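Structural description and commentary
Below are the chains, spelled out letter by letter.
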Amino acid sequence: MARDYAARCPVYPMRNAWLVAVAVLLAAQEIGAPKVQVAEELEAYPTESVELSCQFNDGGGLTKLTQVSWIWEPSDGHRDNIAVYHPVYGQSFPNVAFKDRVVFLHNSLENPSIRISNLRMSDAGRYTCEYATYPTGNEQGTTTLIMLSKPKNSANGVTVQAGTKSVVVARCEAADAKPAATIEWLAPVGGNHSTSTTSGPDGTVTVRSEYRLVPTPADNGREVICRVNQKTQKQPWVYPIKLSVEYLPSVSIEGYDHNWYVGRSDATLVCLANANPEPTTITWTAASGPLPETVVVEGNKLTVRKVDDAVNTTFICEVKNRLGSSRNQITTVVIEEERQLIQGPSTGAVIGAILGALIFICIVIIGTIFFIRNRQEDAEGPPKHKPPPPVKAGSSTEMLNKPSEPPTATETAPLSPGEVYYEPTGREPVTNLDDETTGALNGRAPPVKYDKERKDHAADGHHSNDLDSSNHEVPAANISRGESFVSPAMYV
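What you are looking at is a predicted structure, and each value in this text was computed from that prediction instead of being measured. In this numbering scheme, every chain counts its residues from 1 along its sequence in written order. Owing to the predicted nature of the model, reporting of local features is limited to residues with pLDDT of at least 70; listing and counting of side-chain atom pairs is limited to 80 or more, with chain, interface and lining totals taken over all residues. Only hydrogens and water are removed before side-chain values are computed, so all heavy atoms of the structure are retained for them.

**Some words on the overall build of the protein**
- Check the secondary structure of the protein and you find 8 helices and 30 strands.
- Considering the protein as a whole, with its 492 residues, one finds that 27% of them fall into the buried category.
- Contacts are assigned to residue pairs that have any heavy atoms within 4.5 Å of one another. A sequence separation of at least 24 residues applies to 59% of the contacts in the protein between residues at least 6 apart.
- Only the protein chains shown count as cover for residues, with accessible areas throughout obtained via the Shrake-Rupley method and a probe of 1.4 Å. Per element, the accessible surface of the protein, about 32,000 Å² overall, is 54% carbon and sulfur. Numbering of helices and strands runs from the N terminus, with a helix taken as a DSSP run of H or I at least four residues long and a strand as a DSSP run of E at least two residues long. Note on classification: 1.4 Å probe, protein chains only; a residue is buried when its accessible area is under 20% of the maximum for its type, exposed when over 50%, partly exposed between these limits.

**With respect to the sheet that holds strand S9 (residues 114-116)**
- DSSP-based pairing: two strands are paired if at least 2 bridges between them are found. Taken in spatial order, the 3 strands make up an open sheet running S3-S9-S8, and their pairing is antiparallel. Each having just a single partner strand, strand S3 (50-52) and strand S8 (102-104) make up the two edges of the open sheet. Taken over all neighbouring pairs, the strand axes of this sheet differ in orientation by 25 degrees on average, direction set aside.
- Pairing analysis gives 3 bridges linking S8 to S9, with the strands arranged antiparallel. Following the sheet pairing, Val 102 is matched in S9 by Ile 116. Structural elements are reduced to axes, namely lines fitted to C-alpha atoms, with helices fitted over the stretch in contact, and the angle between N-to-C directions of any two is expressed from 0 to 180 degrees.

**Some points on the sheet that holds strand S17 (residues 205-213)**
- Pairing in this open sheet of 4 strands is antiparallel, and the strands run S12-S14-S17-S16 from one edge to the other. Since the sheet does not close on itself, it has two edges, and those belong to strand S12 (152-157) and strand S16 (192-199), each with one partner. Put simply, the sheet's adjacent strands are angled 15 degrees from each other on average, direction ignored.
- As judged from the 8 bridges shared by S16 and S17, these two strands associate in the antiparallel manner. Note on S17: the bridge partner recorded for Thr 198 is Thr 206.

**Some points on the confidence of the model for the protein**
- Looking at the protein, the pLDDT average stands at 79 and 68% of residues meet or exceed 70.
- pLDDT runs from 0 to 100 and stands for how confident the predictor is about each residue. Across residues 393-413, confidence stays below pLDDT 50; counting only partners more than four residues off in sequence or on other chains, it has 17 contacts.
- Taken as a whole, residues 418-487 scores under 50 in pLDDT and shows 98 contacts with residues more than four places along the chain or in a different chain.

**Observations regarding the nonpolar core**
- Only buried Ala, Val, Leu, Ile, Met, Phe, Trp, Tyr and Cys residues count toward a nonpolar core, and they belong to the same one when joined by side-chain atoms within 4.5 Å. Ranked by size, the top nonpolar core spans 27 residues in total, and within it Trp 70, Ile 82, Ile 114, Ile 116, Tyr 127 and Tyr 131 carry the most contacts.
- For this core, the secondary-structure elements that each account for two or more residues are S3, strand S4 (54-56), strand S5 (64-73), strand S6 (80-86), S8, S9, strand S10 (125-134) and strand S11 (137-147).
- Sort the elements by how many residues they give to this core and S5 lands first, with 4 residues.
- By size, the runner-up hydrophobic cluster in this structure holds 22 residues, among which are Val 160, Val 168, Leu 213 and Val 245.

**Structural notes on the side chain of Gln 230**
- Among the secondary structure elements, Gln 230 is positioned in the loop between strand S18 (223-229) and strand S19 (237-242).
- By relative accessible area, which is 8% here, Gln 230 ends up buried.
- Ignoring sequence-local partners within four residues, the contact set of Gln 230 consists of Ser 149, Lys 150, Pro 151, Ala 177, Lys 178, Pro 179, Ala 180 and Ala 181.

**Thoughts on the environment of Arg 120**
- Of note, Arg 120 is situated in the loop between S9 and S10.
- The sequence separation of Arg 120 and Ser 149 amounts to 29 residues, and the corresponding C-alpha distance is 9.9 Å.
- Among residues more than four places away in sequence, those in contact with Arg 120 are Ala 97, Arg 101 and Met 147.

**Here we look at the pairing of strand S22 (residues 265-276)**
- Bridging between strand S20 (residues 245-254) and S22 involves 6 bridges; their strand directions are antiparallel. Residue pairing across strands places Tyr 247 opposite Asn 276, the latter belonging to S22.

**Focus: the packing of aromatic side chains**
- Two aromatic rings, drawn from Phe, Tyr or Trp (for Trp, its six-membered ring), form a pair once their centres lie within 6.5 Å of each other, and the interplanar angle then sorts them: stacked below 30 degrees, edge-to-face above 60, tilted otherwise. Under the defined criterion, the tally for this structure stands at 8 aromatic pairs.
- Both rings, one in Tyr 85 and one in Phe 104, keep their centres 6.0 Å apart while their planes meet at 55 degrees; by these two values the pair is tilted. Of the two residues, Tyr 85 sits in strand S6 while Phe 104 sits in strand S8, which places them 19 residues apart along the sequence. Phe 104 shares its class with Tyr 85; the two are buried.
- Considering the side-chain rings of Phe 98 and Tyr 127, the 6.4 Å spacing of their centres and the 85 degrees angle between planes classify their relative orientation as edge-to-face. Of the two residues, Phe 98 sits in the loop between strand S7 (90-92) and S8 while Tyr 127 sits in strand S10, which places them 29 residues apart along the sequence. Tyr 127 carries the same exposure label as Phe 98, and that label is buried.
- Put simply, the rings of Trp 72, Phe 98 and Tyr 127 pair up and form one aromatic cluster.
- A ring has a charge above it when a Lys NZ or an Arg CZ is no more than 6 Å from the ring centre and no more than 35 degrees off the ring normal. Taking the ring centre of Phe 98 as reference, the NZ or CZ of Arg 101 above it sits at 5.0 Å.

**Points about the state of the cysteines**
- Criterion for a disulfide: a pair of cysteine sulfur atoms within 2.5 Å. Summed over the entire model, instances satisfying the criterion amount to 3 disulfides.
- Linked covalently through their sulfurs, Cys 54 and Cys 129 form a disulfide whose S-S length is 2.0 Å. On the S-S bond that ties Cys 54 to Cys 129, the torsion sits near -80 degrees, and the link is left-handed. Here the residue Cys 54 occupies a position in strand S4, and Cys 129 occupies one in strand S10, the gap between them amounting to 75 residues.
- Look at Cys 129 and you get buried, because its relative accessible area is 0%.
- Through a disulfide, Cys 271 is tied to Cys 317; the S-S separation comes to 1.8 Å. Handedness of the Cys 271-Cys 317 disulfide follows from its S-S torsion of about -85 degrees: it is left-handed. Here Cys 271, found in strand S22, pairs with Cys 317, found in strand S26 (residues 314-321); they are 46 residues apart in sequence, far enough to count as distant.
- Residue Cys 271 is classed as buried on the basis of its relative accessible area of 2%.
- Here Cys 317 falls in the buried class, since its relative accessible area comes to 0%.

Here you go:
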């Protein structure tokens, strides 16, 4: 019994220690956690509603709540009560600016959340939910309300006159935005822009941007794009603007073909004008005075009913618009006879000829490349014909053409070791050591056997005349292809 009790006794202090540690952690967590729970930050838009939540968290239930107040603190630092709740005296809304716009969602001290309706940009600021408690005193939590405002975007072009100075040709604006918007220009005309900002009393910002360039007649009708970026927009706002540049008329005359011959009918001149604003009047005159009687004018068209010497003059076309007038002139020359105009090839024929020539050149180039490659491949590969046999050095046509005679038994007999043979070169006789060596020394030709009897006759100065004539002839060497030619031995 005593031993079992002793074994159980140390367990209880350990369990107590764990319980104490858990209690301490819970107490520390309870102490560190805020008792007034609110949202840290909220975003809202004008004319909308927002709910500001507030809840008192008393874990032990020892705190006595007496009153709760909502205090509004705008950006300038001023503090003002906008809503008060007392369990005995009820609700109160002391701020006139929030009256009829603020209500308590729950008639309770533990959850005094409020709703603000019909929001204004000036409602932005810090909202503090503050409790009067006993015995700890006041407890509070603060929520920051951020008011957002979508920009009011607009853009327009400015009508200008062509000139040499840089002027404003387009404007773009993002008004009453919070936060402030940014404006970009997408323009291929090579101008520049300037931007300015203006802050409103309610915290909104208006951004204005102007696009400038030196206007020319060519810029009329070109397009520049204003793009506005802002936090409240799901995507950038894009607005294209067509430039409006005014300029004096630019006049040209067409229709004269240098073939006004006497008697020609219905020769026509046309006056063309490019202007902004549009031309108001077009007038034809002649440098020589009034228009000839054969001339008829209809708008911008001048028609000569019948060509004669009277229209051998200079015609002037003058065009006016709101900015002023411009003119152009052309001199017509009357000839006696009609010129025979040789009509050149049509545009389609010229284009077809050019394309055909290009195709032919490409075919020639490709064929040349293939031909050169085939020649290179043939040069690098093995020969496709059998070369002629080599001609032996020192041989003559007679020897090559002379048919070979069969050698005698003596000439074809191999030399025994120790025997010698003589060559007609005057060199020393060579002793044959063996058949293999002799063959090598004789150019791989059959060795010539030495005849002792013949040597004796040669020493006495006599020749054996009774021998067959074939024995006096030099045997033809049996030489295979690739072996060197060696003259056969001579008998002395």
